Amino acid sequence: MSGGKRKKKEAASTAGGKRGEDVQERLKPVFGKFRGGEEELIPVLQAVQAELGFLPDEAMREIARFTRVPESRVYRVASFYAQFRFKPIGRRHILVCRGTACHVRGAPKVLEEIERLLNIREGETTEDMEYTLETVACIGACGLSPCLMIDRKVEGKLTTKKLEAIFKKDAGK
Ligand code: FES
């Protein structure tokens, strides 16, 4: 599918019995590595996210039960840390650098161009779940600015042409 035809993905998770059971099954071995105490809340959140890719409502309920922390607090704690996400992410994860060096060399244009190519906005995922587009402070490759990371690989000295080539190549995969 070409980038321009991609549509944004709005909804996150839908609650459902079957899905709840699936989550429970997948979390059994994850919880097996912990004792189930309140002090383990953050490591448990991290381990669950590593297993599921994000933290759906069903998992948050299970975490609350397992750690014996009220669900509202589990949400509060998870929301406090940027590392936790409540929506599934795409197969390919794009992080556009918005650090100073990249900013002065055109990061806002880069972001705009990717939004145009994928037809999504920052923070969204394409409907086909191929790409999630996010920004990040500095990816430590300032000499290559403006740059981005796609699946942890840095692409630097970005131009409109280069971006088109990157996403065209990806679309053909
Ligand atoms: S500012 Fe973009 S890599 Fe450092």
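Residues numbered from 1 in each chain as written. Predicted model: local features only at pLDDT ≥ 70, side-chain atom pairs only at ≥ 80, totals over all residues. Heavy atoms only, no water.

A. Region of the structure containing the packing of helix α3 (residues 57–67) against helix α4 (residues 71–80). Contact geometry for α3 and α4: axes closest at 9 Å, N-to-C directions at 115°. When the interaxial angle is binned, α3 and α4 end up roughly perpendicular. Crossing geometry of α3 relative to α4 is assigned as right-handed. Judged by residue contacts, D57, M60, R61, I63 and A64 of α3 engage E71, V74, Y75 and A78 from α4. Tallied by class, residues from the contact of α3 with α4 come to six nonpolar, no polar and three charged. (Axes fitted to C-alpha atoms, helices over the stretch in contact; angles between N-to-C directions. Helix = DSSP H or I, 4+ residues; strand = E, 2+ residues; numbered from the N terminus. Parallel < 35°, antiparallel > 145°, perpendicular 65-115°, else oblique. Left-handed = near helix turned anticlockwise from the far one by under 90°. Contact = heavy atoms within 4.5 Å. Nonpolar A, V, L, I, M, F, W, Y, C, P; charged D, E, K, R; others polar.)

B. Quick look at α3. Most of α3 is tucked away: eight of the 11 residues are buried. For α3, every residue scored as buried is listed here: E58, A59, M60, E62, I63, A64, F66 and T67. After α3 finishes, the residue R68 shows a positive phi value of roughly 60°. (Buried < 20%, exposed > 50% of the residue type's maximum accessible area, 1.4 Å probe, protein only.)

C. Seen up close, the pattern of salt bridges. Counted by the stated rule, this structure contains 12 salt bridges. The salt bridge partner of D151 is R92, with a shortest N-O separation of 2.8 Å. Note that D151 is positioned in the loop between β5 (148–150) and β6 (153–155) and R92 in strand β2 (residues 92–97), a separation of 59 residues in sequence. Put simply, E113 and R116 hold a salt bridge, and the shortest N to O gap is 2.7 Å. Of this pair, E113 and R116 both sit in helix α6 (residues 107–118), three residues apart, which is roughly one turn of that helix. (Salt bridge = Lys/Arg side-chain N within 4 Å of Asp/Glu carboxyl O.)

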